[in-house]
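Descriptive analysis of the structure
Residue-level listing of the chains:
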Amino acid sequence: MHVPDGFLDAPTSIATGAVAATAVAVSLRRARHELDDKTAPLTGLVAAFVFAVQMLNFPVGAGTSGHLLGGALAAILVGPWTAILCMTVVLLVQGLFFADGGVTALGTNITLMGVVTVVVGWALFRLTLRFLPRRPASAAPAAFVAALVSVPVAALCFVGLYAVGGTADISIKAVFAAMVGWHVLIGLGEAAITALTVGSVIAVRPDLVHGARPLLAARELTVREPRPLVTKGDRSE
């Protein structure tokens, strides 16, 4: 999904750049509430994993490419604000040093892959948990839904941007078919990988999964619920 230089006009690129800059600025302030002695080391591992899977891309037609995105996974593991920063760093390195995505399209790529996937993935993860049992194991199916939907939504947002400011000689129907169609399939693969990764981490160290911490707290409250006291009078009866 890395958008190349010149694929969108200047006003659209500037607008998405402003959105990306605002999201990063807010994330820098909010991420301090997510980072702790457990999240900080995991953040580097998440960024490295996302970087690796995003480098494995392939053309999907209409002048762009497809690959796993990783935004939902990052949000679930380290929190949404930290995830936006992780994704931004990954996309900056890819664009500046590996020519993966245009430099003038950095704002667009960060908005689509670093903001949309994280926000949609995190929102769906939290929403899905409301309909599942309050236990850590529920994080894996919720992660599946979050990743499954976040990928095609990001592709659909790209189609919307292209409809507003696309400069290539490609019809909007062709862009829609190539991007959304392929990214629905990519979403299935990413959903499976995200659910397996989250489930594996929870099986070993559930305290490392940011999105599962409320579930752990609920389990601890249930386990520590005090038993009613039995008095001597109750025993005699």
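Preceding this paragraph is the structure being described.
What comes next is a walk through the structure. Residue numbers run consecutively from 1 along every chain, following the written order of its sequence. Two thresholds apply to this predicted model, a pLDDT of at least 70 for residue-level local features and 80 or more for giving and counting side-chain atom pairs, whereas whole-chain, interface and lining totals are computed over all residues. Note that water and hydrogens are dropped before the side-chain values are worked out from all heavy atoms of the structure.

1. Examining unusual backbone geometry
For Ala-99, which is not glycine, the phi torsion reads 55° and is therefore positive. Counting from the N terminus, the helices are the DSSP runs of H or I reaching at least four residues and the strands are the DSSP runs of E reaching at least two. Note on placement: Ala-99 falls in the loop between helix 4 (80-97) and helix 5 (106-129).

2. A closer look at helix 5
If you check helix 5, its first and last C-alpha atoms are 33 Å apart, about what 24 residues at 1.5 Å a residue would give, namely 34 Å. Bend at a residue means the angle formed by two fitted axes: the first through the 7 residues ending at that position, the second through the 7 residues beginning there. Of all the bends found along helix 5, the most pronounced is centred on Val-116 and spans about 30°. Each residue's exposure class comes from its accessible area (1.4 Å probe, protein chains only) as a fraction of the maximum for that residue type: buried when under 20%, exposed when over 50%, partly exposed otherwise. Within helix 5, 19 of the 24 residues are buried, leaving the element largely enclosed by the surrounding structure. What a helix should span is 1.5 Å times the count of its residues minus one.

3. A closer look at the packing of aromatic side chains
Under the pairing criterion, centres of Phe, Tyr and Trp rings, with the six-membered ring standing for Trp, must be within 6.5 Å; the plane angle then separates stacked pairs below 30 degrees from edge-to-face pairs above 60, leaving the rest tilted. In this structure the tally under the stated criterion is five aromatic pairs. Ring geometry for Phe-7 versus Tyr-162: centroids 5.5 Å apart, planes at 40°, classification tilted. Of the two residues, Phe-7 is situated in the segment before helix 1 (10-30) and Tyr-162 in helix 6 (residues 139-165); the sequence distance between them amounts to 155 residues. A relative accessible area of 7% means that Phe-7 is categorised as buried. Here the aromatic residues Phe-7, Phe-158 and Tyr-162 are joined through ring pairs into a cluster of three or more.

4. A look at the nonpolar core
Here, nonpolar core means buried Ala, Val, Leu, Ile, Met, Phe, Trp, Tyr and Cys residues that are tied together by side-chain atoms lying within 4.5 Å of each other. Met-1, Phe-125 and Val-198 are the most contacted members of the largest nonpolar core, which has 58 residues in total. Elements with a minimum of two residues in this core: helix 1, helix 2 (39-55), helix 3 (71-78), helix 4, helix 5, helix 6 and helix 7 (172-204). No other element matches the twelve residues that helix 6 contributes to this core.

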